[in-house]
Amino acid sequence: MYDATWMLRLYARRRLRQLEAMAPLQAQRRVLAALIGRGRGTKFGRDHGFSTAWSLDDYRAQVPLRDYDAFWKDYWQAPFPRLDDCTWPGLIPWFAVSSGTAAGTTKYIPVSREMHRSNVRAGADLMTHHLANRPQSRVLAGRVFMLGGSTGLVRQAPGVFSGDISGIEAAAMPGWARLRYFPPRDLEGIDDWQVKIERFAERSLDTEIGAIAGTPSWLLIYFERLAEVAGARLGTRPSRIADIYPDLELLGHGGVAWAPYRDRFAALLEGSRAETREVYPASEGFFAIADRADGEGLRLRLDAGIFYEFIPVDQLDSAQPDCRWIGDVKPGVNYALAVTTCAGLWRYLVGDTVTVVERDPPRVLVTGRTSYMLSAFGEHVIGSEVEQAVAEAARAIGATVTDFAAGSLFPDEAGTRGGHLYIVELGAERAEDSLDAPQHALFAEALDSTLCRLNDDYATHRAGGYGMDAPRVRFLPAGGFAAWMKSRGKLGGQNKVPRIVNDPDLFAGLIQFADGCGEHGKGAARQ
């Protein structure tokens, strides 16, 4: 295949000069002013008296923070599916269908043509940062593999479609990008996840893959099937991605925290030339990309039609929260993220929590969801702490993690205490039926001690077992979480296993499913 990396390299040089010269505060002020100017003639703009003379304080005084439910009720529900000059000028052509990871309520997030172009530029920025780290890269000598959801879109009205955000981007992809894209059109519309990854694996063996991107949990499932398909062709099953995709240079990952998967992917990518690079995409926009090494934060996209605000998580219910922007945000504080975007989201609470690790240029780490907290007993354990604790517990028994979920168990009789239950699926190298009682105990002890070290509130509640019992752990057999997601109609694509489950009915259903796996063995998990 013709190597088109030289064209990308020309773009990357120019883009890197732009990023180097960018003044973060001025860039964000320009974005906000441009968005307010575009929104003046919309219903939302008229309702809020938009003025191009507004300062940031004026904007905040006139426009309250809103979550999805408030936008849907106040602006989108009545005219849906034709949002014409509603919260953004013109007709919204696409809606990204999202259920989040908690209760599963379907959301329809507007995606404007301007937001689509912003998302396309995000892909180019990802490649730019890759080339900055790998100047001799030939990543576009092969194809870029996007392991996303189905590209099948639902026609909601003339000129208006809804579907997976990855499907929207694939359907609206410019021709120049399609030339280097995998999978081909005849495969990308497959709805059945199991059939999809089978066909992807078969066809990709005859394709030079230079980069691959997706959610870590689904990438692991895909790589497992890829190894089986490659093994059938080669006569021996390869254990490393380098033996299957020898030209792979980049693995982009996002959607869930990387910490529990880091060791597993390090083993899979051993011997390859691939680097891993984290991204922060959402249905609402593509917010940030890692421009440095793993764990050093994701650089916010400041000139992408998105304005960022940060609200201390403990002030979300306050009438006057201490809202910050990149000009005065404090590093190390756990914030809820709010965005104003070129898709007509105005001071919209995304539902994610982040911490800022650097201000110039602004870099963030995603710490979880605003509902992504274990605090049934006042312990206030946030998502990033849970992720780190599970990763360290797996390391303590020499294992890696495929997926997990955690929730609260409440005392069921007088004199008993509540606590947390972790349901965990380990990597194939340590199947659940190979673990003995001491290893079960070691995993739970490592969980407990790590959380005590990371979180003072948790440590206080665990002191002497006074407020909470030690965490309990249940292990699922291989394929368990995929089977559970399939049973809920959530297999593959953009769907993610909810890491912290605060919905009691959803958690009870997961426990019941885990009980079934225990009774019927691995077959129950692979149905």
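Residues numbered from 1 in each chain as written. Predicted model: local features only at pLDDT ≥ 70, side-chain atom pairs only at ≥ 80, totals over all residues. Heavy atoms only, no water.

Draft legend 1. Layout of the overall build of the protein chain. In terms of regular secondary structure, the protein chain is built from 18 helices and 20 strands. Against the globule reference of 24 Å for 527 residues, the protein chain gives a C-alpha radius of gyration of 23 Å, in line with a compact fold. Taking the principal axes of the C-alpha coordinates as reference, the protein chain spans close to 65 × 60 × 45 Å. By residue count, 55% of the 527 residues in the protein chain fall in the buried class. (Helix = DSSP H or I, 4+ residues; strand = E, 2+ residues; numbered from the N terminus. Rg over C-alpha atoms; globule rule 2.2 N^0.38 Å. Buried < 20%, exposed > 50% of the residue type's maximum accessible area, 1.4 Å probe, protein only.)

Draft legend 2. Structural context of helix 13 (residues 383-396). Between its first and last C-alpha atoms helix 13 spans 20 Å; for 14 residues at 1.5 Å apiece the expected length is 20 Å, and the two agree. Residues of helix 13 that are buried include every one of G383, E385, V386, E387, A389, V390, A391, A393 and A394, and no others. Close packing links the buried residues of helix 13 with strand 15 (362-369), strand 16 (373-374), strand 17 (381-382), strand 18 (401-409), strand 19 (419-426) and helix 14 (437-454). G398 sits one or two positions beyond helix 13 and adopts a positive phi of about 70°. (Expected span 1.5 Å × (residues − 1). Contact = heavy atoms within 4.5 Å.)

Draft legend 3. How the structure looks around the sheet that holds strand 15. Here 11 strands make up an open sheet; going across it, the order is 6-3-7-8-9-10-11-15-14-13-12 and the pairing mixed. Strands with a single pairing partner mark the edges of an open sheet, and in this sheet they are strand 6 (181-182) and strand 12 (306-312). In the packing of helix 2 (residues 24-39) onto the sheet, the strands contacted are strand 12, strand 13 (335-341) and strand 15, and the crossing angle to strand 12 comes to about 105°. Where helix 6 (residues 113-133) meets the sheet, its contacts fall on strand 3 (143-146), strand 7 (209-214), strand 8 (250-253), strand 9 (275-282), strand 10 (285-289), strand 12 and strand 13, and the angle it forms with strand 10 comes to roughly 15°. (Pairing = 2+ DSSP bridges. Axes fitted to C-alpha atoms, helices over the stretch in contact; angles between N-to-C directions.)

Draft legend 4. Local environment of the pattern of salt bridges. In this structure the tally under the stated criterion is 32 salt bridges. One salt bridge in this structure joins D206 and R233, with 2.8 Å as the shortest N-O distance. With D206 in the loop between helix 10 (193-204) and strand 7 and R233 in helix 11 (residues 216-234), the pair connects residues that are 27 residues apart, well separated along the chain. For D206, a relative accessible area of 59% gives the class exposed. For R369, the salt bridge goes to D352, with nearest N and O atoms at 2.6 Å. Of the two residues, R369 sits in strand 15 while D352 sits in strand 14 (residues 348-359), which places them 17 residues apart along the sequence. For R369, a relative accessible area of 27% puts it in the partly exposed group. The class for D352 is buried, based on a relative accessible area of 8%. Through salt bridges with shared partners, a single network forms among E198, E224, R225, E228 and R237. (Salt bridge = Lys/Arg side-chain N within 4 Å of Asp/Glu carboxyl O.)

Draft legend 5. Quick peek at the pairing of strand 12. In terms of residue burial, strand 12 counts as a mostly covered element, since seven of its seven residues are buried. The two faces of strand 12 match: I306, Y308, F310 and P312 on one face and F307, E309 and I311 on the other face are all buried. Inspection of the sheet shows strand 12 paired to strand 13 by seven bridges, in the antiparallel sense. By the bridge assignment for strand 13, F310 is matched with L337.

Draft legend 6. Region of interest: the environment of E392. Checked against the element boundaries, E392 lands in helix 13. With a relative accessible area of 23%, E392 lands in the partly exposed category. Here E392 is in contact with A446, T450 and R453, once residues within four sequence places are set aside.

Draft legend 7. How the structure looks around the pairing of strand 18. By the criterion of burial, strand 18 is predominantly enclosed, with eight of the nine residues buried. Here strand 18 pairs with strand 19 via eight bridges, running antiparallel. By the bridge assignment for strand 19, L409 is matched with G419.

Draft legend 8. Broad picture of the sheet that holds strand 20 (residues 472-476). The strand order across the open sheet built from three strands is 18-19-20, with neighbouring strands paired in mixed fashion. A strand with exactly one partner marks an edge of an open sheet, and here the two such strands are strand 18 and strand 20. The sheet shows a mean angle of 20° between the axes of neighbouring strands, direction not considered. Helix 14 rests against strand 19 and strand 20 of the sheet, and its axis sits at about 125° to strand 20.

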